[in-house]
Amino acid sequence: MGGVYDLQDTFHITRESLNKIITHCRQELPFEACGLISGRNGIAYRIWKMTNIDRSPYSFSMDLDELKHVFLKMTKYNQEFMGIYHSHPSGIAYPSPEDIHFNNYPDKIQFIISLAARKPVIKAFRYYGNNVIPYKINVTEH
Ligand SMILES: [Zn+2]
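Residues numbered from 1 in each chain as written. Predicted model: local features only at pLDDT ≥ 70, side-chain atom pairs only at ≥ 80, totals over all residues.

Visitor: Whenever I open this one, the overall build of the protein confuses me. Can you help?
Guide: When its secondary structure is counted, the protein shows three helices and seven strands. Beginning at the N terminus, the succession of helices and strands in the protein can be written as β-α-β-β-α-β-α-β-β-β. Taken over C-alpha atoms, the radius of gyration comes to 14 Å for the protein, in line with the 14 Å a tight globule of 142 residues would show. Once the C-alpha set of the protein is aligned to its principal axes, its extents read approximately 40 × 35 × 30 Å. Per-residue burial over the protein gives 26% buried out of 142 residues. Look at the contacts in the protein between residues 6 or more apart in sequence, and 64% of them connect residues 24 or more apart. (Helix = DSSP H or I, 4+ residues; strand = E, 2+ residues; numbered from the N terminus. Rg over C-alpha atoms; globule rule 2.2 N^0.38 Å. Buried ≥ 20, exposed ≤ 12 C-beta atoms within 10 Å, placed from the backbone. Contact = placed C-beta atoms within 7 Å.)

Here's what the structure looks like:
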């Protein structure tokens, strides 16, 4: 099989992690929430809630010392840093120009959770320069 169903175009994440991300994003309302996603063997199964130091409904930034601390923990627990998530409290699940411009991790998956409607909408992307590549999300039970 080719095209959008190639393994490389799919991001695998456990249902538990996805639920934790949604819960965190709702807790941070009306502000954007942000965090990191890690795992092993191509499956993301741990999330790391981060402080949005912008405390804004329209943007997020992470604290460098907190990042350093979390990356050390990931190493300690043999976790591979796989992606970043953040919420759009009232916007669509698509990266803003600022999201693309200020992205420091071009090789990581970007999860965007829109809470604009009652049912959260979750999309995954990668940014290559100004190109936004959508990824398929495969939710696994473990
Ligand atoms: Zn955004």
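Visitor: What is the right way to read the nonpolar core from this model?
Guide: In summary, soluble globular proteins display a tendency toward joint burial of nonpolar side chains. Counting residues in hydrophobic clusters, the biggest one holds 24 residues, and the most contacted among them are Ile21, Leu36, Ile37, Tyr85, Phe111 and Ile113. For this core, the element with the highest residue contribution is strand β3 (residues 43-50), accounting for four residues. Beyond its immediate chain neighbours, meaning those up to four positions away, Ile21 contacts Gly35, Ile47, Tyr85, Phe111 and Ile113. (Core = buried A, V, L, I, M, F, W, Y, C linked by C-beta atoms within 7 Å.)

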